[in-house]
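Letter by letter, the chains look like this.
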Amino acid sequence: MFVSVTKADRDRYQQLVKQHRPPRTVVINTIRAFVVGGLICELGQIVQTLFIRYGHFKPTDAGNPTVAVMIFLSVLFTALGVYDRFAQWAGAGSAVPVTGFANTIASAAMEHRSEGWVSGIGGNMFKLAGPVIVFGVVSAFFVSLIRYIVTHL
């Protein structure tokens, strides 16, 4: 049976959807994302300062272990189910590149672990992260190429 939908029907439906849609709290969400993203970055800065002060790293060398610690914490909190609840509340602030990316990969690996190590975890954890990796590598190549051209001309 074919039912014809008129423009008036579509308009009434859109009006009904609009009435039941919760209001968007853009300003509050923006402030929360800014504060949470800043706090995650501040935590990274504290970890880096600890590596410099107590690990006797040079400031130029302390970045790598700092990133490793932030990735570890993100994956740990993802595995414990804490990061997802936190991200639900924090919004875009939890998508700080290192921790958000680690969460994405860990979540995908956990979701597909029942399918096996290779076809499950190995095959699926980079489906979402793969385009990010490709875009990052290609962007880094072009930025470094531009820098090389600018500094050597």
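Check the entry above for the structure.
Parameters at a glance
- Residues numbered from 1 in each chain as written.
- Predicted model: local features only at pLDDT ≥ 70, side-chain atom pairs only at ≥ 80, totals over all residues.
- Heavy atoms only, no water.
- Helix = DSSP H or I, 4+ residues; strand = E, 2+ residues; numbered from the N terminus.
- Rg over C-alpha atoms; globule rule 2.2 N^0.38 Å.
- Buried < 20%, exposed > 50% of the residue type's maximum accessible area, 1.4 Å probe, protein only.
- Contact = heavy atoms within 4.5 Å.
- Areas by Shrake-Rupley, 256 points an atom, 1.4 Å probe, with all protein chains shown as cover.
- Lys, Arg positive; Asp, Glu negative; His and termini not counted.
- Charge placed at Lys NZ, Arg CZ, Asp CG, Glu CD.
- Expected span 1.5 Å × (residues − 1).
- Phe/Tyr/Trp six-rings, centres within 6.5 Å; stacked < 30°, edge-to-face > 60°.
- Salt bridge = Lys/Arg side-chain N within 4 Å of Asp/Glu carboxyl O.
- Polar contact = N/O pair within 3.5 Å; in protein donor to acceptor, adjacent residues only side chain to side chain.
- 1 Å grid on protein atoms, 1.4 Å probe; cavity = no way out; pocket = protein on both sides within 12 Å on 5 of 7 lines; lining within 4 Å.
- Points joined across faces, edges and corners; volume = space filled by probe spheres on them.
- Nonpolar A, V, L, I, M, F, W, Y, C, P; charged D, E, K, R; others polar.

Draft legend 1. View of the overall build of the protein. Secondary structure assignment for the protein yields six helices and zero strands. Counting from the amino terminus, the protein carries its helices and strands in the arrangement α-α-α-α-α-α. In terms of overall dimensions, the protein is more spread out than a globule: its C-alpha atoms have a radius of gyration of 22 Å, far above the 15 Å expected for 153 residues. Counting only C-alpha atoms and orienting by the principal axes, one finds that the protein spans roughly 75 × 40 × 40 Å. Classification of the 153 residues of the protein by burial places 22% in the buried group. Across the protein, contacts joining residues at least 24 apart in sequence account for 51% of those joining residues at least 6 apart. Counting every atom, the protein has about 11800 Å² of accessible surface; 70% of that belongs to carbon and sulfur. Counting 13 positive and 7 negative side-chain charges, the protein places the centres of these two groups 6 Å from one another.

Draft legend 2. Main features of helix 2 (residues 26–54). In this model, helix 2 (29 residues) spans 41 Å end to end at C-alpha, consistent with the 42 Å of a helix rising 1.5 Å per residue. Against helix 3 (63–79), helix 4 (82–90) and helix 5 (97–111) lie the buried residues of helix 2. Where helix 2 terminates, the next one or two residues include His-56, which has phi positive at roughly 60°.

Draft legend 3. Just the packing of aromatic side chains, in detail. Across all of its chains, the model carries three aromatic pairs by this definition. Judged by centre distance (5.4 Å) and plane angle (85°), the ring pair of Phe-51 and Phe-57 falls under edge-to-face. Residue class for Phe-57 comes out partly exposed when judged on its relative accessible area of 33%. Plain terms: the ring middles of Tyr-83 and Phe-86 are 6.0 Å apart, the flat faces sit at 70° to each other, and that makes the pair edge-to-face. One end of the pair is Tyr-83 and the other is Phe-86, both in helix 4 and three residues apart, which spans about a single turn. Among the residues examined, Tyr-83 registers a relative accessible area of 6% and is labelled buried.

Draft legend 4. Quick peek at the pattern of salt bridges. The full count for this structure, using the stated rule, is two salt bridges. One salt bridge connects Lys-7 with Asp-11, and the closest N-O pair in it is separated by 3.3 Å. Residue Lys-7 and its partner Asp-11 are located together in helix 1 (residues 7–20), separated by four residues, close to a single helical turn. With its nearest N and O atoms 2.2 Å apart, the salt bridge here joins Asp-9 to Arg-12. Here Arg-12 and Asp-9 lie together in helix 1, a separation of three residues that amounts to about one turn.

Draft legend 5. Quick peek at the side chain of Asn-103. Take Asn-103: it is sitting in helix 5. Engagement of the side chain of Asn-103 in a polar contact is seen with the side chain of Thr-78, the distance being 2.7 Å. The contacts of Asn-103, once residues within four sequence positions are left out, are Ser-74, Thr-78, Tyr-83 and Asp-84.

Draft legend 6. Representation of unusual backbone geometry. Even without a glycine there, the phi angle at His-56 is positive, about 60°. Assignment of secondary structure puts His-56 in the loop between helix 2 and helix 3.

Draft legend 7. Examining the layout of surface pockets more closely. A volume near 170 Å³ is recorded for the largest pocket. Lining the largest pocket we find Ile-40, Leu-43, Met-70, Leu-73, Ser-74, Phe-77, Val-82, Tyr-83, Phe-86 and Thr-99. Every element with two or more residues in the lining of the largest pocket is listed here: helix 2, helix 3 and helix 4. In terms of residue class, the lining of the largest pocket is made up of eight nonpolar, two polar and no charged.

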